[in-house]
Every structure is written in C-alpha cells, then in structure tokens.
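Reading the structure
Okay, here's what each chain looks like letter by letter:
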Amino acid sequence: MGLIEPFLEFYFLRRALAGGIALALSAPPLGVFLVQRRLSLIGDALGHAILPGVAVGAALFGLSLVAMSGGGLLAGLAVMLAAGLAARGGAMREDASLAGFYLVSLALGVALVSWGPAQLDLLELLFGSVLAVDDAALLLMAGTATVTLISLAVIWRPLVIETFDAGFLRAQDGKGALWHLWFLALVVLNLVAAFQALGTLMAVGLMMLPAVAARFVSPTLAGQVVASVAIATLAVVAGLTLSVQADIATGPAIVLCAGALWLALLVAGPEASLAARRLRRPHLAR
Amino acid sequence: MTPPPLVLDNVTVAYARHPAVHHLSGCFAPGSMTAVVGPNGAGKTTLLRALVGELQPESGRIDRGGLAPGAIGYLPQASALDRSFPLACAEVAAMGMWAAAGPFRALSPVERDRIEEALAAVGLRSFAARPIATLSAGQFQRLLFARLLLQDAPVLLLDEPFNAIDTRTTADLIRVLRRWHGEGRTIIAVLHDLELVRAEFPDTLLLAREPIAWGRTAEALTAETLFRARLMAEAWDETAEPCHRATSGSRRAA
C-alpha cells in the first residue's frame, strides 16, 4: 500500500487530514505565546479542566458534539476566568491558581464520568479518535482555526506587549486583562475543538510540541509562529500516514511525530540547538 | 511642556498592615528633578509605584492633577523582564508609542524615524534589528530609556536607573535626563549614588519610611539627616500600636 493511496481511498482519512491541518494552523501559534509566558504546562491544565463540562454535556444531552463541546467550552472558560481573576487580583501567581482550579475541575470530571448515566469512555475522552471526525467536528475545527488566526492578527501587538511586559501595559492603561483573557479563551477554544479528534491530552501535544520545537528554528517571534505551524502540519501528515501504515492509534501517532520533530530540532536545529551550540563558527566569521 | 504638580497629602502605603511609606506630605513641583534617597526597605520603590497608580495608598491622597495614566513614564527596576524574549530592539522601543498608536494603528514613517532617533539618543544606533537576547544588562537599560523617550511623558519616574551600568553609559543616560529637565518635565529618580545626586539633582527626598528631609539637595543630604535615615529599623515592629496621627486635609473633612 502506497503512502498516498489510503487518503485517496478513504473519505474518513481525508476528513481527518483536513481537520488535523486546521488544528495545526491554529493551535501551535498559541503554544508559542504560552512558551514565552512560561505557561507551557497551562495547556495541559486547561485540557483537563474541560473534562467535567464534556461529561455533564454528554450526561444531559447524549454523546453529541454540540453538547460535549459546548460543555467543555463552558467548563474551560470558567476555570480560565476564575484562575485569571484570582491571579489578577494578586491573590497568587497565575500558574498556581490555574493548578488549583484545574485539579478540582479534573476530579469533578472523573467523578461525573464514573457516576453519570451515559456510558462515556474515559479513554476516548482523554485520547480521542481522529478517524471519527464527522462533518460537525470538521466544521468546528475549521471555524476555530479561522477565529484563532484572525484574532491573533488583530490582537498581535497588545498580546506581544502584554506577554513581554505586563506592567508596562498596565501603567499605560492598555487593558492588559482584555488581551490576556482573549488569548486564554482562544487556547480553551482550540483544546475543545481538538478534543474529539485527538482527545484532551493529545490536543495539548499538538499545541505545545511544535511551539517548543520552533525555538530551535527561528530567533524571532513571528518566525517561531510560522515555524510552529509548519512543524505541526508536517506532524499531522506524517502521523496520519504512520497511523495507517503501522496501525497505531492516530492521536498518539501525530503527537509522537511532533515529538520526533522536536527532538530532532533540539539536537540539530539551526537556532540555539545542541548542534548549533557545539558547532560555533569562529568569532567574527561570516 | 508644563506638567501639573504631583501633590502628596499625608500618604501612607502599607503591605499587610505594615507601612512602607508613612505619613508623607509634599509636592513634586512642575519641572522639578528630584532624587529619592534612603536605605534598603525605606519605601522608595513603594513611593514610585504609588505615584504611578500601581499601589493604592492606605490613607492620604495623591493628586496627579488629572494626568492620564499614560502620561506618567515609569522605568521599574529592569530585573523583572525576560531578556531572552524573541524581540528586536526596535520592537521594544516602539512599545513607547502605545499612547500615540494604541493597539491597532500602523506606525507612520515619521514615527518609525522617531524610533531610530530614540535608539540613537541612548547610543544604540544600528541596534534596531538586534534581538534583545544579545544585549548586555547596560545596553538593555539604555533600550528601556529609549522606550521612555518615545513615551514622551511629562512626568518620569525612574527606579534605580543606573544600577549595574558602567560610568560611560551612566553619563550618556544622565545627558538624556538633563535634556528632559531642560524641556520642563518632572523627573523623580530613586538613586543610591550620593555623589551623582549631589552633582546632578537639584532636589532630594530622603526617605526612611517617613520623610527625613525633602528640599534642595545640599540641605536635604547632610551628615545629620543621613545619620537619622540610617537609624530606621528595617525589621517590622510586631508590637507597634496602631498609629493615630491626625489625618489632614480632605480626609479630616470627610
């Protein structure tokens, strides 16, 4: 079986590919900003935080995409807002408050899944199934990608300033909280859109791994955003192919490919990688 | 450019009940250039943060004469910023245009030229495209000065602006301060180098939680006042009685 033939033959594979590329366009740029904020693990936290919403949605309205995504979105936004406001109020640092809120949310989610009437497969919630992407899920992913990219273009300047020097924007009365919460809402939206295809855990992988890897490609923020999208797209295509050829679960295959690219760039990327540090050109050499 | 005076009326700022600035009254006159001097923990940074509006006084009042938030340029101690952030020098300096350009408007060619000029004024000509990760601590401090230049603020608050900076750079930055002073801007700077204060700053506020002296530098910095400032106890006095000093002005009327 060739590399391309399965995609020509199976409709569901083409749909998975389209959905995966949509995610690859929107999630990694958010990851780049999360890395710069030193919030690399927050995606993980928010990914867990949406679980109770998904469970409640499924319990009340059955296993429909709208119910589960809507519930997940509400739960994620609630945790994000609560944590953000607790941190903005100065009660504690943002990572600490998010850790507190997401752990409560996760425990609540697992409790609801085990107690609820609907037969929810926890494993599928956490790891998803990219081959079950239906039209509604595909539309959600494509819509999310559109909203994310347009949003990022609009709030790019204030978001960069807020990320680099929040105190400066505060002194300028630049409404730092607005841009910050807008950004975190995009993170939640992307995780929710990705959870059906990749599961909550794997969705974070596609957001963060290309973002971390992009550091080894470009020294500029814009360069890292472009590089992260390229890496993620490559990982989606390679992961789907690997999953078909080697019969591995699709979500993990995609994240493993992203991980492999990250490790390769960590060792031999053009910027600040192990090789780039070792093979330093002589000083002042052109 | 005549900024309004900054008037402090019996201001107390406290962290967890313990005052860091205690019953401070006075006025930073328009166009004045004041050094804030005092031992560690004397409330110097707290005073600046209260002036810029980051901290609310527990009692007393700060009258900024209706200055907009963006009209006070504030240079915090630089250590808080992530210098490995993937930004170019010109991009960081350009943040000073926020008040003029806001979150969305594109910068005009004239404004781009002003960014170049600001970088040149602090000795960073030809650094525009350099990533900030490649700057030394002193060069980064100059970059923050360039950003402050572009803010074009009538009131400038500087928190230990010359820390970890070599003498030549300090001299360069002092020249920028003199220019601002000449343009009639109000300058308030926290400093530790008393020689520099005596040479460059007409006015001094000597702070040891409570004001020890505030006036012309020669009169504020005497052996006697400096000795009194050193007597300030850094430790919190847990047995201190609540302070019932008469509150003045508007609060008493209220």
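Here the structure is shown first, and the text comes after it.
The paragraphs below set out a description of the structure included in this document. (Residues numbered from 1 in each chain as written. Chains lettered and ligands numbered in written order. Predicted model: local features only at pLDDT ≥ 70, side-chain atom pairs only at ≥ 80, totals over all residues. Heavy atoms only, no water.)

1. Some words on the nonpolar core
Among the nonpolar cores identified, the biggest contains 130 residues, and A:Leu46, A:Phe164, B:Ile132, B:Leu143, B:Phe145, B:Leu177 and B:Trp180 are the most heavily contacted of them. For this core, the leading source of residues is helix H10 (residues 176-214) of chain A, giving 22 residues. Once residues lying within four places of it in the same chain are set aside, the contact partners of A:Leu46 are A:Gly76, A:Val79, A:Met80, A:Leu98, A:Val187, A:Val188 and A:Leu191. Counting 25 residues, the second largest nonpolar core, distinct from the first, contains B:Val11, B:Phe28, B:Leu55 and B:Ile188. (Core = buried A, V, L, I, M, F, W, Y, C linked by side-chain atoms within 4.5 Å. Buried < 20%, exposed > 50% of the residue type's maximum accessible area, 1.4 Å probe, protein only. Helix = DSSP H or I, 4+ residues; strand = E, 2+ residues; numbered from the N terminus. Contact = heavy atoms within 4.5 Å.)

2. A short note on the interface of chain B and chain A
Taken together, the contact between chain B and chain A spans 25 residues of the former and 23 residues of the latter. Carbon and sulfur atoms make up 64% of the area that chain B and chain A hide from each other, which totals about 2,100 Å². If you sort the residues of chain B by the area they bury against chain A, B:Phe85, B:Pro86 and B:Trp98 come out on top, with a joint share of 33%. For the pair chain B and chain A, the interface holds three salt bridges. Between A:Arg170 and B:Glu54 there is a salt bridge whose closest N-O contact spans 3.9 Å. Where chain B touches chain A, the interface holds five residue pairs in polar contact (both at pLDDT 80 or more). For the side of chain B that touches chain A, the elements supplying multiple residues, two or more each, are helix H3 (98-101) and helix H5 (137-151) of chain B. (Buried area = accessible area lost by both parts, 1.4 Å probe. Salt bridge = Lys/Arg side-chain N within 4 Å of Asp/Glu carboxyl O. Polar contact = N/O pair within 3.5 Å; in protein donor to acceptor, adjacent residues only side chain to side chain.)

3. Re the environment of A:Ala197
Relative to the elements of secondary structure, A:Ala197 occurs in helix H10. Residues A:Ala197 and A:Met141 lie 56 residues apart in sequence; the distance between their C-alpha atoms is 9.4 Å.

4. A short note on the sheet that holds strand E5 (residues 72-75) of chain B
All names here are of chain B. Across the sheet, six strands lie side by side as E5-E6-E7-E3-E8-E9; this open sheet has mixed pairing. Looking along the sheet, the strands with just one partner apiece sit at the ends: E5 and strand E9 (210-216). This sheet shows a mean twist of 15 degrees between the axes of neighbouring strands, independent of strand direction. Direction of pairing for strand E6 (residues 155-159) relative to strand E7 (residues 186-190): parallel, over a ladder of five bridges. Bridge pairing in E7 links Leu156 to Ile187. (Pairing = 2+ DSSP bridges. Axes fitted to C-alpha atoms, helices over the stretch in contact; angles between N-to-C directions.)

5. Comments concerning the packing of aromatic side chains
What the rule picks out here adds up to eight aromatic pairs over all chains. Here the aromatic rings of A:Phe33 and A:Phe183 are separated by 5.9 Å at their centres, their planes lie at 65 degrees, and the arrangement is edge-to-face. One end of the pair, A:Phe33, is in helix H2 (residues 11-36); the other, A:Phe183, is in helix H10, and 150 residues separate them in sequence. You can call A:Phe33 buried: its relative accessible area is 0%. Residue class for A:Phe183 comes out buried when judged on its relative accessible area of 0%. With 4.8 Å between their ring centres and 50 degrees between their planes, B:Phe28 and B:Trp214 make a pair best called tilted. With a gap of 186 residues between them, B:Phe28 in strand E2 (residues 18-28) and B:Trp214 in strand E9 connect regions that are remote in the sequence. (Phe/Tyr/Trp six-rings, centres within 6.5 Å; stacked < 30°, edge-to-face > 60°.)

6. Thoughts on the sheet that holds strand E1 (residues 6-15) of chain B
Strand pairing in a sheet relies on backbone hydrogen bonds, with the paired strands running either antiparallel or parallel. Residue and element names in this part refer to chain B. An order of E2-E1-E4 is seen for the three strands of this open sheet, with the pairing classed as antiparallel. The open sheet has two edge strands, E2 and strand E4 (59-63), and neither has a second partner. For this sheet, the mean inter-axis angle between neighbouring strands, taken without regard to orientation, is 25 degrees. Relative to E2, E1 runs antiparallel, the two being bridged by seven bridges. Residue pairing in the sheet places Val11 in a bridge with Leu24 of E2. The strands touched by helix H1 (residues 44-52) within the sheet are E1, E2 and E4, with E1 carrying the most contacts at an inclination of about 120 degrees.

7. Section: the layout of surface pockets
By rolling a water-sized probe across the atoms, one finds the places where empty space is left. In this structure, the largest pocket spans a volume of roughly 1,500 Å³. Along the walls of the largest pocket sit 47 residues, with A:Glu162, A:Asp165, A:Ala166, A:Gly167 and A:Arg170 positioned nearest its centre. Breaking the lining of the largest pocket down by element, the ones donating at least two residues are helix H5 (65-88), helix H6 (94-115), helix H8 (135-164) and helix H9 (166-171) of chain A together with H1, E5 and H5 of chain B. A total of five residues in the lining of the largest pocket trace back to one element, the largest contributor, which is H9(A). Looking at the lining of the largest pocket, its residues break down into 21 nonpolar, eleven polar and 15 charged. Here the lining of the largest pocket spans two domains, since at least three of its residues come from each of domain 1 (1-67 + 154-244) and domain 2 (80-152) of chain B. (1 Å grid on protein atoms, 1.4 Å probe; cavity = no way out; pocket = protein on both sides within 12 Å on 5 of 7 lines; lining within 4 Å. Points joined across faces, edges and corners; volume = space filled by probe spheres on them. Nonpolar A, V, L, I, M, F, W, Y, C, P; charged D, E, K, R; others polar. Domains from an automatic or database assignment.)

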